Amino acid sequence: MTISLNWLKKYIDIDLPAEEISNLLTSLGLEVEGMEEVETIKGGLAGVVVGEVKECWKHPGADKLSLTKVDIGSSDLLQIVCGAPNVAAGQKVMVATVGTTLYPLQGEPLTLKKGKIRGEESQGMICAEDELGIGSDHSGILVLPENTPIGQSARDYFNIEKDTIYEIGLTPNRSDATCHLGVARDLSAALKIQHGHSGEVKLPAVDGFKIDNHSLPLDVVVENTEACPRYAGVSIRGVTIRESPDWLKNRLLAIGVRPINNIVDATNFILHELGQPLHAFDLDEITGRKVIVKTLSEGTKFQSLDERERSLSAEDLMICDGESKGMCIGGVFGGIKSGVKDSTKNIFLESAHFNAKWIRRSSTRHDLRTEAAKVFEKGHDPNLCVYALKRAAMLMVELAGGEIASAVVDIYPTPIRPAAITVKYDYVNRLIGTRISTKEIKAILLALGMDVLSETGETFTVAVPTNKADVTRPADIVEEILRVYGLDNVPVPTQMRSSIVRNEYPDPNQVRNAIGDYLAANGFNEIMSLSLSQSTFYKEILPREPADIVPVNNTSNVQLDIMRPTMLFSGLEAVANNQNRQQSDLKLFEFGKTYHGGRWTVDGGRQEAGGGRVDVTKVFDEPQHLAIFLTGQRWAESWRNAGSPAADYFTLKNFVENILARLSVTGYQETVVKDEVFCYGMKYHRGPQELAVFGKVQPRVCKKMGIKSEVFYADFNWDLLLQAVKKQSITFAELNKFPTVRRDLALVIGKSVKFSDIAALAKKVGKKLLKDIILFDVFEDESKLGEGKKSYAIGFTFEDPTRTLQDKEVDTVMGELIGSFEQKLGAVIRR
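Here we summarise the structure given alongside this text. (Residues numbered from 1 in each chain as written. Predicted model: local features only at pLDDT ≥ 70, side-chain atom pairs only at ≥ 80, totals over all residues. Heavy atoms only, no water.)

## Re the overall build of the protein
The line we're drawing: Think of it this way: any DSSP run of H or I at least four residues long counts as a helix, any run of E at least two long counts as a strand, and we number them from the N terminus. Based on C-alpha atoms, the radius of gyration is set beside the globule rule, defined as 2.2 Å times the residue count to the power 0.38. Accessible area is worked out with a 1.4 Å probe on protein chains only. A residue is then buried under 20% of its type maximum, exposed over 50%, and partly exposed in between. Note on contacts: a residue pair qualifies if any of its non-hydrogen atoms lie within 4.5 Å across the two residues. In these tables, accessible area is a Shrake-Rupley quantity obtained with a 1.4 Å probe, and a residue counts as shielded only by the protein chains included in the view. Counting rule applied: Lys, Arg positive; Asp, Glu negative; His and chain ends not counted. Lysine's charge is taken at NZ, arginine's at CZ, aspartate's at CG and glutamate's at CD.
On a plain count of helices and strands, the protein comes out with 22 helices and 44 strands. The C-alpha radius of gyration of the protein comes to 39 Å, more than 25% above the 28 Å expected for a compact globule of 831 residues. Dimensions along the principal axes, computed over C-alpha positions, put the protein at roughly 120 × 95 × 65 Å. For the protein, buried positions account for 47% of its 831 residues. Look at the contacts in the protein between residues 6 or more apart in sequence, and 70% of them connect residues 24 or more apart. For the protein, the accessible area works out to roughly 43100 Å², and carbon and sulfur atoms hold 48% of it. For the protein, the separation between the mean place of its 98 positive charges and that of its 110 negative charges on side chains is 6 Å.

Pasting the structure below:
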């Protein structure tokens, strides 16, 4: 929300520095996220003064230039070269002197220097509208009235104001502070309590409102009073649509609102002044002179002010004409036909109170986050409608002429009264953490416009104004008191209390940090992607069952319309994004969740009497994952790593196994994977529990994501790994005092035989003495080995923790291993 300090000072007398006001607003819960000094014309036209052209003649070296002598009130006349066709002697003009910086509406700022143009000295510039930044006209210089004083500054002539603009991060619970007057009320309360300020907030007067005649009466019917508890309106005849006066345009421009015309600008002014959204209809476009507030059938078409045809929901509240045709989505957005146009002569001005939930749903449904909708959905004040209507009608008559041509229509079947909340004084002090006297509590409440209805020695009952929609509990009253009392005035406790917390083993954060540190130490970068994803990925690239998808209504980015069911596309998007920026060698990892369609669970504990209905709840799955992505070279480019090989499947496999080893996760099975994600890969699992799956991503998937290089991807089920870590116990073993023995074998085997088959058989045969087995060379040459054959060079390490092994013992085990390899794997020993 944007607030102008000059505008604020119209309602409250305040002379504190802008910085101090900023701090005070933040302490009141209106956090100032930014503060900027601005002027109605950028730069304030410093250095620009009124001058009179005393002489004017043709430039001797240029047909389209003129030489002038200009009096700006100094001792000497200035010689200025001017290219405007309308320059003439005797004119009063705006002169930018040497050293002045101008900020034209288009282009870069221009700083004037003394120099020569076509050989003639020029000591300034006679300015056009667009050069001054006050208009778009560049047809000639700006000519002022003859009685304009020479030497008067442009700042004074144009009445340029300096202003301070505050950007306030308004929280959803502050329905009372959506406008300048609401902020002024908060400031007034804080100034009274903290600074002894005695001034009151000055409300705009509406005593002068009068009905001129009853020539344009309208019939109003509210069919849905739940969505529209109050609806007010009035007719104005004979308005003239034109540009707003400067003071109004400057007020709106200061807070970033684009002026349109006097009627629309008046509605925007009242919105930001009082916090009451208004809507002005072209009365002549209201068929039957009747307004009906109702819902329309599902799918009804409606053309909104942005010229888009929208399909309405049966839960969109519509403002309709006498034929039940939609003119406006109530409280959200207007229609193209009934809006104010240049030809509009008569208007119907609406001032209503709409249900916050209805407005929020319609605004989100149609992706229309208008200022009016933002006010209504926070909880607008229903008792402001008629006051704001009168204030706006008077302003419109002042700006556009015309006359009030109907009585005020006010349909308010069930008036909303201030809520009464009873609070204990002791509760206030206990919650705040300091003792505030009952006198000061009542003074704060009075400053906030909250009347104390009754009190006892221990409690008080307060009437909550209807503009504070979120103040509903005693705790909310305490918050209001604390805001004005000042959080900085609450003393810091002199004692510190703490308790010992016992965390379950393992601490998930410690485990995560340990693996993150390992990956970072090996050249990986952590990425943090959105949990939102695009449904098109799972329709066009990797189709999934609709039941497994969790859709979301994301109005800020309609493409991100589901919660991600896999970590794959988040990482591939990061890879593509980096490759598009010339970063081709990537090692990435991410901890995150995936989201899967809900399953129904039965709550048997809430069964109805007689064994009837039981309640069911839809539960969504949100498993945690660790994802790893590799692409490009294995190591970063360096003179030490010249010719570094590309990362491949085995590079990834090494990291996967190191992570499992780091977590002491062992005893898993291996299954080859080839599916729509991996063209080849491996799954590590314990029975049906999948610990990790990894491999090379299908080239088709990479191509669809705009990636040309190979990508290797691993996905860990982090929840299962944490459970596995929990079951691991730390054991200590004495270092072996006896030497190990190494034996190597070269086996010629079929290409279908995997190293894991050899390792499993070896461990089974030599389980007592065999400590380790490694594959250190692979040789493939069918001309030397035979068709379908390959050669593995394998190293076996033996040890006994109780004694030194004899060669004879090792030879015996090696013989058993060779026999098993030959019989069960069809191996041939290369000797």
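Having seen the structure, we can now continue with the description.
## Quick word on the pattern of salt bridges
Note the cut-off: By convention in these notes, a salt bridge is any Lys or Arg side-chain nitrogen within 4 Å of a carboxyl oxygen on Asp or Glu.
All chains considered together, the criterion is met by 43 salt bridges. A salt bridge links E121 to K114; its shortest N-O distance comes to 3.7 Å. In this structure E121 comes out as partly exposed when scored by relative accessible area, which is 31%. Overlapping salt bridges, with partners in common, bring together R174, D176, D186, K468, E480 and R483 in one network.

## Focus: the packing of aromatic side chains
Put simply, the rule reads: A pair of Phe, Tyr and Trp rings is counted when the ring centres sit within 6.5 Å of each other, with Trp represented by its six-membered ring. The angle between the planes then sorts it: under 30 degrees is stacked, over 60 is edge-to-face, the rest tilted.
Enumeration according to the criterion identifies 21 aromatic pairs in this entry. Plain terms: the ring middles of F537 and F569 are 4.8 Å apart, the flat faces sit at 20° to each other, and that makes the pair stacked. Of this pair, F537 sits in helix α15 (residues 537-541) while F569 sits in helix α16 (residues 568-579); the two residues are 32 residues apart in sequence, bridging distant segments of the chain. Owing to a relative accessible area of 0%, F569 belongs among the buried residues under this scheme. Members of the aromatic cluster, connected to one another through ring pairs, are Y649, F650, Y668, Y680, Y684 and F694.

## Considering a negative patch on the surface
Test applied: A patch is a set of surface residues, each over 30% in relative accessible area and not in a salt bridge, joined within 9 Å for like charges and within 5 Å for the nonpolar side chains Val, Leu, Ile, Met, Phe, Trp and Tyr.
Together, E31, E33, E36 and E167 line one region of the surface with negative charge. Residue placement: E36 occurs in strand β2 (residues 32-39).

## Remarks on a positive patch on the surface
Where like charges cluster on the molecular surface, the positive patch consists of K764, K767, K768 and K824. With respect to the helices, strands and loops of the structure, K767 is situated in the loop between α20 (755-765) and β42 (770-779).

## Brief notes about the packing of helix α6 (residues 246-254) against helix α7 (residues 262-274)
Test applied: Lines fitted to C-alpha atoms define the axes, with helix axes restricted to the stretch in contact, and inter-axis angles between N-to-C directions lie between 0 and 180 degrees. In these notes the angle categories are as follows: under 35 degrees is roughly parallel, over 145 is roughly antiparallel, 65 to 115 is roughly perpendicular, and the rest is oblique. Crossings are sorted by hand: turned counterclockwise from the far helix by less than a right angle, the near helix makes the crossing left-handed, and turned clockwise it makes it right-handed. Residue polarity is assigned by list, with Asp, Glu, Lys and Arg as charged and Ala, Val, Leu, Ile, Met, Phe, Trp, Tyr, Cys and Pro as nonpolar; anything else, Gly included, falls into the polar class.
Between α6 and α7, the least distance of the axes is 10 Å, while the angle of their chain directions is 50°. For the element pair α6 / α7, the angle class is oblique. In the crossing of α6 with α7, the sense of the turn from one axis to the other is left-handed. In this structure, α6 uses W247, L248, R251 and L252 to contact α7, whose residues at the interface are D265, A266, N268 and F269. Tallied by class, the residues present in the contact of α6 with α7 amount to five nonpolar, one polar and two charged.

## A closer look at helix α10 (residues 385-400)
Residues lying three or four places apart along an α-helix face the same way, a consequence of the helix completing one turn every 3.6 residues. The condition that has to hold: In this analysis, the expected span of each helix is defined as 1.5 Å times one less than the number of residues it contains.
Over its 16 residues, α10 extends 22 Å from the first C-alpha to the last, a length consistent with the 22 Å expected when each residue adds 1.5 Å. Every buried residue of α10 is accounted for by C385, V386, A388, L389, R391, A392, A393, L395, M396, L399 and A400. Looking one or two places after α10, you find G401, whose phi comes out positive at around 75°.

## Quick notes on the sheet that holds strand β36 (residues 624-631)
Rules: Two strands make a pair as long as DSSP finds a minimum of two bridges between them.
The seven strands lie next to each other as β29-β33-β36-β40-β39-β38-β37, forming an open sheet whose pairing is mixed. Sheet topology places β29 (525-526) and β37 (669-673) at the edges, where each strand pairs with a single neighbour. Pairing of β37 with strand β38 (residues 678-686) involves five bridges; the strand directions are antiparallel. Each residue of the ladder has a partner; that of V672, found in β38, is M682.

## Quick look at a nonpolar patch on the surface
Residues Y505, I730 and F732 make up a contiguous nonpolar surface patch of about 460 Å² in total accessible area. Looking at the secondary structure, you find F732 in the loop between α19 (718-727) and β41 (741-750).

## Description of the environment of N578
Inspection of the secondary structure puts N578 in helix α16. Given the relative accessible area of 24%, N578 is considered partly exposed.

## What to know about the side chain of H366
Assignment of secondary structure puts H366 in the loop between α8 (356-365) and α9 (371-379). If we skip the residues at most four places from it in the chain, H366 touches R310, S311, L312, D316 and I329.

## Thoughts on the packing of α7 against α10
Interaxial distance between α7 and α10 falls to 10 Å at its minimum, and their mutual angle equals 145°. In this structure, the crossing between α7 and α10 has a hand that is right-handed. Facing N262, I263, A266, T267, F269, I270, E273 and L274 of α7, the residues of α10 in contact are Y387, A388, R391, A392, L395, M396, L399 and A400.

## Thoughts on the nonpolar core
What counts is decided by this rule: Note on terminology: a nonpolar core comprises buried Ala, Val, Leu, Ile, Met, Phe, Trp, Tyr and Cys residues joined through side-chain atoms within 4.5 Å.
The biggest cluster of nonpolar side chains holds 79 residues, and the ones touching the most others in it are L187, F460, I477 and I481. For this core, the element with the highest residue contribution is α10, accounting for nine residues. Core analysis: the next-biggest nonpolar cluster, separate from the first, contains 35 residues, V291, V293, L312 and M318 among them.

## A look at the sheet that holds strand β13 (residues 162-168)
Strand order across the open sheet formed by three strands is β1-β13-β2, with antiparallel pairing between neighbours. If you trace the sheet from one side to the other, it starts and ends with β1 (2-4) and β2, each paired once. Pairwise comparison of adjacent strand axes, ignoring direction, gives a mean angle of 25° for this sheet. Note: β1 against β13, three bridges, orientation antiparallel. Within the sheet, the bridge partner assigned to I3 lies in β13 and is Y166.

## Description of the pairing of strand β5 (residues 78-82)
Burial runs high along β5: five of the five residues are buried. Side chains L78, I80 and C82 of β5 all project onto a buried face; the interleaved residues Q79 and V81 project onto the opposite face, where all are buried too. Sheet topology places strand β4 (residues 66-71) next to β5; five bridges connect them, and they run antiparallel. By the bridge assignment, K69 is partnered in β5 with Q79. Linkage of β4 to β5, two consecutive antiparallel strands, is achieved through a turn of six residues, within which G73 is found at a positive phi near 95°.

## Notes on the side chain of E480
Note that E480 resides in helix α13 (residues 474-485). For E480, a relative accessible area of 5% puts it in the buried group. Those residues in contact with E480, other than ones at most four positions away along the chain, are I444, L448, M450, K468 and V471.

## Some details on the state of the cysteines
Spelled out, the test is: Cysteine sulfur atoms that pair up within 2.5 Å are treated as a disulfide.
Following the criterion strictly, the structure yields zero disulfides and no others. Not part of a disulfide, C385 finds its nearest cysteine sulfur in C228, a span of 8.3 Å. Not part of a disulfide, C702 finds its nearest cysteine sulfur in C679, a span of 8.5 Å. Given a relative accessible area of 2%, C702 falls into the buried group.

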